[in-house]
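# Structural features, examined
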There are 4 protein chains.
Amino acid sequence: MEQIGVGMLGYAFMGRAHTDAYKKLRYMTWPPPLLPQLIMIAGRNAEAVAGAAGRYGYEAWTTDWHRLVADPRIELFDNGGPNALHAEPTITAARNGKHVLCEKPLGRTASESYEIWRAVAATGVKHMCGFNYRFVPANRMAREMIEAGEIGEIRHFRGRYLQDWGDDPSLDTWRFHAEQAGSGALGDLGAHVVDLARFLVGEVASVASIVKAFIPGRKVDDAFEAAVAFENGAVGTIEATRLALGHKNALQWEINGSKASLAFDLERLNELQFFRSDGDRTRGFKTVLVSEADHPFWRWWWPPGHMIGWEHTFVHEIHHFLQAIAEGSEVAPYGATFEDGYRAAEVCDAILRSSQCRVREDISYRALVEPTG
Amino acid sequence: MEQIGVGMLGYAFMGRAHTDAYKKLRYMTWPPPLLPQLIMIAGRNAEAVAGAAGRYGYEAWTTDWHRLVADPRIELFDNGGPNALHAEPTITAARNGKHVLCEKPLGRTASESYEIWRAVAATGVKHMCGFNYRFVPANRMAREMIEAGEIGEIRHFRGRYLQDWGDDPSLDTWRFHAEQAGSGALGDLGAHVVDLARFLVGEVASVASIVKAFIPGRKVDDAFEAAVAFENGAVGTIEATRLALGHKNALQWEINGSKASLAFDLERLNELQFFRSDGDRTRGFKTVLVSEADHPFWRWWWPPGHMIGWEHTFVHEIHHFLQAIAEGSEVAPYGATFEDGYRAAEVCDAILRSSQCRVREDISYRALVEPTG
Amino acid sequence: MEQIGVGMLGYAFMGRAHTDAYKKLRYMTWPPPLLPQLIMIAGRNAEAVAGAAGRYGYEAWTTDWHRLVADPRIELFDNGGPNALHAEPTITAARNGKHVLCEKPLGRTASESYEIWRAVAATGVKHMCGFNYRFVPANRMAREMIEAGEIGEIRHFRGRYLQDWGDDPSLDTWRFHAEQAGSGALGDLGAHVVDLARFLVGEVASVASIVKAFIPGRKVDDAFEAAVAFENGAVGTIEATRLALGHKNALQWEINGSKASLAFDLERLNELQFFRSDGDRTRGFKTVLVSEADHPFWRWWWPPGHMIGWEHTFVHEIHHFLQAIAEGSEVAPYGATFEDGYRAAEVCDAILRSSQCRVREDISYRALVEPTG
Amino acid sequence: MEQIGVGMLGYAFMGRAHTDAYKKLRYMTWPPPLLPQLIMIAGRNAEAVAGAAGRYGYEAWTTDWHRLVADPRIELFDNGGPNALHAEPTITAARNGKHVLCEKPLGRTASESYEIWRAVAATGVKHMCGFNYRFVPANRMAREMIEAGEIGEIRHFRGRYLQDWGDDPSLDTWRFHAEQAGSGALGDLGAHVVDLARFLVGEVASVASIVKAFIPGRKVDDAFEAAVAFENGAVGTIEATRLALGHKNALQWEINGSKASLAFDLERLNELQFFRSDGDRTRGFKTVLVSEADHPFWRWWWPPGHMIGWEHTFVHEIHHFLQAIAEGSEVAPYGATFEDGYRAAEVCDAILRSSQCRVREDISYRALVEPTG
């Protein structure tokens, strides 16, 4: 079986989740498209990164990401570092011919995101932005049902990402520093909602929003609320907050179409709510246990009814990326490319502008400039 | 026991629901503050109104509401007619010294609502606007918990009213005619969400909205989406639609505060969801069966766990109004006055303006002009 | 419209609930089969019964039920008294030519129940046993689906009635005295489960049970647990308890058939859970809002999605009985006759015997002895 | 770090799940008590077992389990084979000085289970029976709450395991052959319910049951229903079926105590339902997201709200066993020993006998015979 050398930037939350996926898909998604070899891991704290390397089985570690993106054994660069470290290492790795997987948000602004996309697209490598919730089985199933016309014309999207860890003025992480994170709940949580809105409904045309910081002294937003219109005529809301007590990881959405409705909550990630308007006397939302369904992600796991967890989204995501690399197939539309990363950032930027200017913002998306001559 | 003569305008949906309440509170809310006597009912269709009068036990009926509001036996005028018939009969009745209960929305516009309020307030009668969902036990309990400080400082309100009967282009009712209804889902459903937002959270300061008609040829809105900011600093969303398949009567809201969260769904009207951040290992939302609680509305009904239904909100509402009349107590804050009816209309108008002008609208509320000298 | 004179024994819980129904169906279930006239109410406490008569509008009251069952104006005798007062007044009333509605359990034992049935059946009047949960819309809909073959061959019935008010050793009501109540949770709660088991699945063939009193000094059972086999081959469990903390009125059942499954919880009485094995990818239990369905009980009430409450079961039940009286139609199978009351009592008695003797009890049902020439 | 050589019998469902756990705990439960080395895997089909060995990284494979249990590099024998292959390989391995982990049910009968326990206990190795559902975080948390007295005196246990794959007469697996499986739903599913009943409530004293085969020609039971009494006075029901349409893996239980109630459903394995009788106005069952809680299993995984799946129970289970081996600590009470495997089998056997003899069976448990002199 063909192998692929992997270099990882980051050993904390995302570095750990991605590494787990590389290890697990080596034997669970059999045969994997490519067999990942864990070559090197990079991070700022030498002791911590060395410990992670030992534990996860990376052959080497470094505190200098330049070494990593230059290493010829590495064919896939996985960037799980903080947002401020997305652009330069990712672009450098791509220019060195490595396929690149970068965590979301792609850049800290639409402009930075566009530059990352532009620079990487020019190299011809495969690129994927880590919108892992596309790889929750329920979300993929929803996308397939929408594509198949089972929901009809979409009228409403109601999406929100609710967490509650942000309610402590003494907390400090890079996620609260604008220069590190770009934005607060918007880029961290809102970007996921925006990506799912685009994945499931289509392109966002305009937003009218209110962005809010509740905690005194906090430099980034704690929450935002937006009314949105889609290019296809659907309207809805997009929200995110780190101050919704009682919700730990409630990425929730509902879609109402002319034929059916769908709804999802990440805190019950094995379930999809489905209502179909079929004239039967037994109308009602079904709680579809996704593991029961004939589902492209399910063949790897357990018999029906045996739940999977959050970390499995990364197995699905990276499997998809390895397949694109191995077969030369497209990352889109089921995976998010850097173009998707950029487009989500345009929506996020428009949400910030709309709140500042108090006007409903139309969103226009830049294309790649074709080289002339 | 003292009696009160009741005159009813309207024999259809609201006329029927209110009449049921007048009859039921005569023996269930014992002793009622006043014993309602059903004097006269008015409606446009002679045969239908005569039938209703016989069935419900009104002593007389008429097709001319002027007769009804002039009848000296009538001390309480209950206006359950279409929106276009709210202003004139209500004002006339008040000027004739009758207490007035008017269905929501109070007027078709903020301006008309203000005029109704102004004219009626000048007469000194008691007035109440039919925002019956304040009288769902769960909503009243939520209000009491918020007043008692149990939720803390409110950060978010997420309210929506989802129905699905509007998805038929051939449908026609007065609810689809702008001159009759004022607006569509906005005044019909949205006004309820706005009133609950005001009841539970406080005054709305600004809205950024998108109003939408989906069905070709429909003259009123089918749906709207709004980001809202409250005077007390909370932010959130308010939405309503008649095109959310699978939802028959889903008036849903969630409130997140600095100490606790609350949530409600009218389709499970006996339940209140409650999360308290109390440091216990067993964190989670509780499904509070409201009928179990020591609740001001519950003494009338059945033992704990014996559910009540939608119609009971009218029993509570009218009981509250009779009490205000009998005791000279205030309708506010637990009941909605015509001032509340007017203020909800200001928010609804701002939602329309914001969508038209594409700007976030600040809302200012008019006070009654004090008569001089 | 034809009228029917009603005499009521009992002014407490059941007397109140039934009276509410007589009043409500006079105008809500229009036109009612017969127009109930509230003639007389009987009870032991003169002051209390006089108060109830005034409040509810009974023309007269008495502390002597013999007067009531002898009154020629009364054509329907409704027995909402304690269990020990079921037999004699009911039989006397029937012998006086009055139709009889008797609360459950019919008698305190199978033997007493049989005698009531036998004596009343001999008179030729209409008789109905107050198993009101047959008249929850969800339960009726389940019955209709089963009759129509939509569930297939039934394999399992899992029924239980969970309450939690019994956990106070100082409590005392007639419900804790064996001579008054017959049994404890068994006759009070378990009888409802048994009746629904018979209504939905069919006749119970045998039971293997454990009956239990937890509270020291209590003379009746607090709970029972039974494994049951039905004549049609289904197997399952029947349980009831007054000591299940957190459950106020949880009459719950689930049925698994060869084609579909159904489930119900009285604490969400507007909902029916439905799973159909139809090969669709979207398998799952549906939460059917019964008010949405084309349902024989729904025409009386409100638009879809407007919930009804517990008390409405009595409106449906008594409407059904009035219809049987007016039209000469059968009370069975949708209503419970005294034969159903007797058969439920046979099952309850077998549950007691099985626990005492530690053997699985087969149940045989007595028929009425035909009078010989 | 100290290592431990692992030999695995079985490469199908359980072999796969256990192997995944050995691999995952090497880096996720850091530092693991011992570092598992995958030495050898055994199975009947040479091609399949060779494939599994390659995929999972076992150093060797064999079709002869005798070779495996004799291999001196193997210190831990993990028996994931069919029930008929539990006794001999497990006993042989133990006699060869290997610690043994055997899937449930331990033996096909209580007698065989006792023999396995007796023989293995005599060797002095550590032994554990694979009741993995003790290692669902919610179940462990329930046990800890009960131990801490938070639930009070337990009155009721209501446990059931519902699946629906058995409804196909043409299906054939070793699970339908009595000599291979011992029993049907009873040993396969019921044993898990029995073990959780013992884990959470205490020893079962007697059972009154009905065992049933629905599918013509099937040699083992499809379902059973049992009323049970516990030594501590609690009563309840235990059920399992493979014919409950709509339930894929619904291992559900509820416990009612004198202070609180708890409930669980494996299809929502990250949640525990909790009701506490604390006099607060906001009474109700809480949906506790177990991942939020301070929980002994949670330190390995992700931040609060990031769900885990079914397979994680094996990581917890094997971690616990490795800890017992490494530290010489006891497997009981949080893990199931072979004594627990035997005792569960006694209850299962009593369920069979009770159904056959139609009497309530008292259960007595054998102790190990102490060697004399």
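Residues numbered from 1 in each chain as written. Chains lettered and ligands numbered in written order. Predicted model: local features only at pLDDT ≥ 70, side-chain atom pairs only at ≥ 80, totals over all residues. Heavy atoms only, no water.

A word on the overall build of chain A. Helix and strand counts for chain A stand at 10 helices and 15 strands. In terms of C-alpha radius of gyration, chain A reaches 20 Å, essentially the compact-globule figure of 21 Å for 373 residues. C-alpha extents for chain A along the principal axes are approximately 60 × 55 × 50 Å. Relative to its full complement of 373 residues, chain A shows a buried share of 68%. Considering only intrachain contacts with a sequence separation of at least 6, the fraction spanning at least 24 residues in chain A is 68%. (Helix = DSSP H or I, 4+ residues; strand = E, 2+ residues; numbered from the N terminus. Rg over C-alpha atoms; globule rule 2.2 N^0.38 Å. Buried < 20%, exposed > 50% of the residue type's maximum accessible area, 1.4 Å probe, protein only. Contact = heavy atoms within 4.5 Å.)

The partner chain C presents 46 residues to the 46 residues of chain D that form the contact. Where chain D abuts chain C, roughly 3,700 Å² becomes buried across the two surfaces, and 56% of that area is made up of carbon and sulfur atoms. When residues of chain D are sorted by the area they lose upon contact with chain C, L245(D), R358(D) and R360(D) head the list and together hold 20% of the total. Measuring nitrogen to oxygen at the nearest pair gives 3.2 Å for the salt bridge that ties R158(C) to E239(D). Along the contact surface separating chain D from chain C lie 20 residue pairs in polar contact (both at pLDDT 80 or more). Where the side of chain D that touches chain C is concerned, the elements lending two or more residues are β7 (154–162), β8 (204–212), β9 (223–230), β10 (235–241), β11 (250–257), β12 (260–265) and β15 (361–362) of chain D. Looking at which element gives the most residues to the side of chain D that touches chain C, the answer is β9(D), with 6 residues. Taken together, the residues that form the side of chain D that touches chain C break down as 18 nonpolar, 15 polar and 13 charged. (Buried area = accessible area lost by both parts, 1.4 Å probe. Salt bridge = Lys/Arg side-chain N within 4 Å of Asp/Glu carboxyl O. Polar contact = N/O pair within 3.5 Å; in protein donor to acceptor, adjacent residues only side chain to side chain. Nonpolar A, V, L, I, M, F, W, Y, C, P; charged D, E, K, R; others polar.)

What follows covers the relation of the copies chain D and chain C. Its rotation angle being 180 degrees, the transformation that places chain D on chain C also includes 0.0 Å of axial translation and leaves an RMSD of 0.0 Å. The transformation relating the two chain copies, once decomposed into turn and shift, fits a two-fold axis. Minimal C-alpha distance to the rotation axis in chain D is attained by V359(D), lying at 2.1 Å. Interface residue correspondence from chain D to chain C reaches 100%, placing this contact among same-surface, isologous pairings. (Least-squares fit on C-alpha atoms with pLDDT ≥ 70 in both.)

Moving on, we come to the environment of V100(C). Residues and elements named next belong to chain C. Mapped onto the elements of the fold, V100 is located in strand β5 (residues 99–102). Sequence separation between V100 and P32 is 68 residues, and the spatial gap between their C-alpha atoms is 18 Å. Setting aside chain neighbours within four positions, we find V100 in contact with L76, F77, T90, A93, A94, V120, V125, K126, H127, M128, F321 and F338.

Before going further, it helps to examine the packing of aromatic side chains. Applying the stated criterion to the full structure yields 56 aromatic pairs over all chains. Measuring from centroid to centroid gives 5.5 Å for F275(C) and F285(C), while their planes differ by 40 degrees, and the two rings are tilted. On the criterion of sequence distance, the pair formed by F275(C) in strand β13 (residues 271–276) and F285(C) in strand β14 (residues 284–289) is long-range, its members being 10 residues apart. Accessibility classification places F275(C) together with F285(C) in one group, the buried group. Over the ring of Y27(D) we find K23(A); its NZ or CZ atom is 4.9 Å from the centre of that ring. Over the aromatic face of F176(D) sits the side chain of R218(D), whose NZ or CZ is 3.9 Å from the ring centroid. (Phe/Tyr/Trp six-rings, centres within 6.5 Å; stacked < 30°, edge-to-face > 60°. Lys NZ or Arg CZ within 6 Å of the ring centre and 35° of its normal.)

Residues and elements named next belong to chain C. Of all 8 residues that make up strand β2 (residues 35–42), 8 are buried, and the element is covered over most of its length. Bridge analysis of strand β1 (residues 3–9) against β2 gives 7 bridges, and the strand direction is parallel. Bridge pairing in β2 places G7 opposite M40. Handedness of the β1-helix α1 (residues 13–25)-β2 crossover: right-handed. The pairing of β2 with strand β3 (residues 60–62) spans 3 bridges and is classified as parallel. Each residue of the ladder has a partner; that of A42, found in β3, is T62. (Pairing = 2+ DSSP bridges. Right-handed = clockwise from strand over helix to strand, strands pointing away.)

In this section: the packing of helix α5 (residues 110–121) of chain B against helix α10 (residues 338–357) of chain B. Residue and element names in this part refer to chain B. The N-to-C vectors of α5 and α10 enclose an angle of 165 degrees; their axes lie 8 Å apart at closest approach. The angle between α5 and α10 places the two elements in the roughly antiparallel class. The element α5 and its partner α10 pack so that their crossing is left-handed. Contacts between α5 and α10 pair A110, S111, S113, Y114, I116, W117 and V120 from the former with F338, E339, G341, Y342, A345, E346 and D349 from the latter. (Axes fitted to C-alpha atoms, helices over the stretch in contact; angles between N-to-C directions. Parallel < 35°, antiparallel > 145°, perpendicular 65-115°, else oblique. Left-handed = near helix turned anticlockwise from the far one by under 90°.)

It is worth spelling out the sheet that holds strand β3 (residues 60–62) of chain B at this point. Paired through backbone hydrogen bonds, the strands of a sheet run either parallel or antiparallel to each other. Residues and elements named next belong to chain B. Within the open sheet, the 6 strands sit side by side as β3-β2-β1-β4-β5-β6. Their pairing is parallel. On the outer flanks of this sheet lie β3 and β6 (127–129), each paired with one strand and no other. Neighbour-to-neighbour, the strand axes of the sheet open up by a mean angle of 20 degrees, direction not taken into account. Relative to strand β4 (residues 76–79), strand β1 (residues 3–9) runs parallel, the two being bridged by 4 bridges. Bridged to M8 within β4 is D78.

It is worth stressing that arrangement in space is one thing and function is another; only the former is reported here.
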